[in-house]
Amino acid sequence: MSTPASPEAPPVRLAVIDDDPLVRAGLALMLGGAKGIDLVGEGADGTEVAALVARTHPDVLLMDIRMPGMDGLAATEELRRRPGAPEVIVLTTFHADEQVLRAIRAGAAGFVLKDTPPAQIVEAVLRVAAGEPVLSPAVTRRLMARAAGDPADDRQDRRTRARQRFAELGEREQDVASAVGRGSSNAEIAAGLHLSVATVKAHVSRILARLELNNRVQIALLVHDAGLLHADEDGAPDSRLG
């Protein structure tokens, strides 16, 4: 579903980081004139990110994974450790599952392919600025499957740590976190749990703060790591520890 910018809202401040000048020019042409977006800066390498952010104060960074100096993964990890950092959308030419998974664990809000239609890239930027991830449930499942392919010892250690963290949440927060893990939107969660959308948003904010996570995608990864996305006998996801 599209997430249009509110007429009253200021435009989303966007910066683009890509080492290919032709790609940057194309993205600037496409995004610079998009409604609800203000292109405030461009960079050619991850080493430029910190200075660019300090100078232009973007809300969202659209950042290539592969760059010759500091790649987008290292730049995302460094940037998202800082308070008040902008959201990051990873930009790539291929489905590099391992790299995308690392970027998301570092705090990226999702990814788009460079051959994604322009309207969808614009929508992705607006959605991330509004606090929604840009990973579809299908892409999330693919990345979860990639994580599940890690060595058994690593998976067990991750599950133990994730379950300990999940147990810090209240019962309703666990319900909301599990729904986020299934890829549900705030409206879908509200309908399923008989809550208002505002209440769901408040729960999500508390979950992020309590667990020191960056965004909804990291909530989804935590729920997956805890082993709470398996279907029960009725086909409904099992969202309880036990």
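What counts as what
- Residues numbered from 1 in each chain as written.
- Predicted model: local features only at pLDDT ≥ 70, side-chain atom pairs only at ≥ 80, totals over all residues.
- Heavy atoms only, no water.
- Buried < 20%, exposed > 50% of the residue type's maximum accessible area, 1.4 Å probe, protein only.
- Helix = DSSP H or I, 4+ residues; strand = E, 2+ residues; numbered from the N terminus.
- Pairing = 2+ DSSP bridges.
- Axes fitted to C-alpha atoms, helices over the stretch in contact; angles between N-to-C directions.
- Contact = heavy atoms within 4.5 Å.
- Right-handed = clockwise from strand over helix to strand, strands pointing away.
- Parallel < 35°, antiparallel > 145°, perpendicular 65-115°, else oblique.
- Nonpolar A, V, L, I, M, F, W, Y, C, P; charged D, E, K, R; others polar.
- pLDDT = per-residue confidence, 0-100.
- Core = buried A, V, L, I, M, F, W, Y, C linked by side-chain atoms within 4.5 Å.
- Salt bridge = Lys/Arg side-chain N within 4 Å of Asp/Glu carboxyl O.

1. Observations regarding the pairing of strand S5 (residues 110-113)
For a regular strand, side chains alternate in direction, first toward one face of the sheet and then toward the other. The two faces of S5 match: Gly 110 and Val 112 on one face and Phe 111 and Leu 113 on the other face are all buried. Sheet topology note: the strand S4 (residues 87-92)/S5 ladder contains four bridges and is parallel. When the sheet's bridge partners are listed, Thr 92 is paired in S5 with Leu 113.

2. Concerning the sheet that holds strand S2 (residues 37-43)
The strand order across the open sheet formed by five strands is S2-S1-S3-S4-S5, and the pairing between neighbours is parallel. Here the strands that pair on one side only, and so sit at the sheet edges, are S2 and S5. Pairs of neighbouring strands in the sheet enclose a mean axial angle of 25°, with direction left out of account. Bridge analysis of strand S1 (residues 12-17) against S2 gives six bridges, and the strand direction is parallel. Residue pairing in the sheet places Ala 15 in a bridge with Gly 41 of S2. Here helix H2 (residues 49-56) sits on the sheet in contact with S1, S2 and strand S3 (60-64), set at roughly 145° to S2.

3. Description of the pairing of S1
Most of S1 sits out of view: five of its six residues are buried. After leaving S1, the chain enters helix H1 (residues 21-32) and then returns to the sheet as S2, a path that is right-handed. In this structure, S1 lies alongside S3, joined through four bridges in parallel fashion. From the neighbouring strand, Ala 15 faces S3, where its bridge partner is Leu 61.

4. Considering unusual backbone geometry
Its identity as a non-glycine residue notwithstanding, His 194 has a phi of 60°, on the positive side. Here His 194 falls in the exposed class, since its relative accessible area comes to 74%. Not every positive phi belongs to a glycine, and Glu 212 is a case in point at roughly 55°. Within the secondary structure, Glu 212 sits in the loop between helix H10 (197-211) and helix H11 (216-225).

5. Quick word on the packing of H1 against helix H5 (residues 118-129)
Two elements in contact, H1 and H5, have axes separated by 10 Å at closest approach and are oriented at 75°. It follows from the interaxial angle that H1 and H5 lie roughly perpendicular. Touching Leu 27, Met 30 and Leu 31 of H1 are Pro 118, Ile 121 and Val 122, all from H5. Residue classes in the contact of H1 with H5 are distributed as six nonpolar, no polar and no charged.

6. Points about the confidence of the model for the protein
With 80% of its residues at a pLDDT of 70 or more, the protein has an overall mean of 81. Confidence scores differ between elements of the protein, with helix H6 (residues 137-148) showing the lowest mean pLDDT of 58 and S1 the highest of 96. Ignoring residues within four places in sequence, the model shows residues 231-242, a span with pLDDT below 50, making 22 contacts including any to other chains.

7. Topic: the nonpolar core
Core analysis: the biggest nonpolar cluster contains 25 residues, and Ile 17, Val 49, Leu 61, Met 63, Leu 79, Val 88 and Val 90 have the highest contact counts within it. Among the secondary structure elements, those contributing two or more residues to this core are S1, H2, S3, helix H3 (72-80), S4, helix H4 (97-106), S5 and H11. Residue contacts for Val 90: discarding those within four places in its chain leaves Met 63, Ile 65, Ala 103, Ala 108, Gly 110, Phe 111 and Val 112. The next biggest cluster of nonpolar side chains, apart from the first, holds 21 residues, and it includes Val 176, Ala 177, Val 204 and Ile 219.

8. Here we look at the pattern of salt bridges
Enumeration according to the criterion identifies nine salt bridges in this entry. Among the salt bridges present, the one from Arg 82 reaches Glu 78, with a minimum N-O distance of 3.5 Å. A residue is classified by how much of its surface remains accessible, and Arg 82, at 39% relative accessible area, is partly exposed. For Glu 173, the salt bridge is made with Arg 210, and the minimal N-O distance between the two is 3.0 Å. In this pair, Glu 173 is assigned in helix H8 (residues 171-181) and Arg 210 in helix H10, connecting sequence segments 37 residues apart. Each member of the salt-bridge network shares a partner with another, and the members are Asp 18, Asp 64 and Lys 114.

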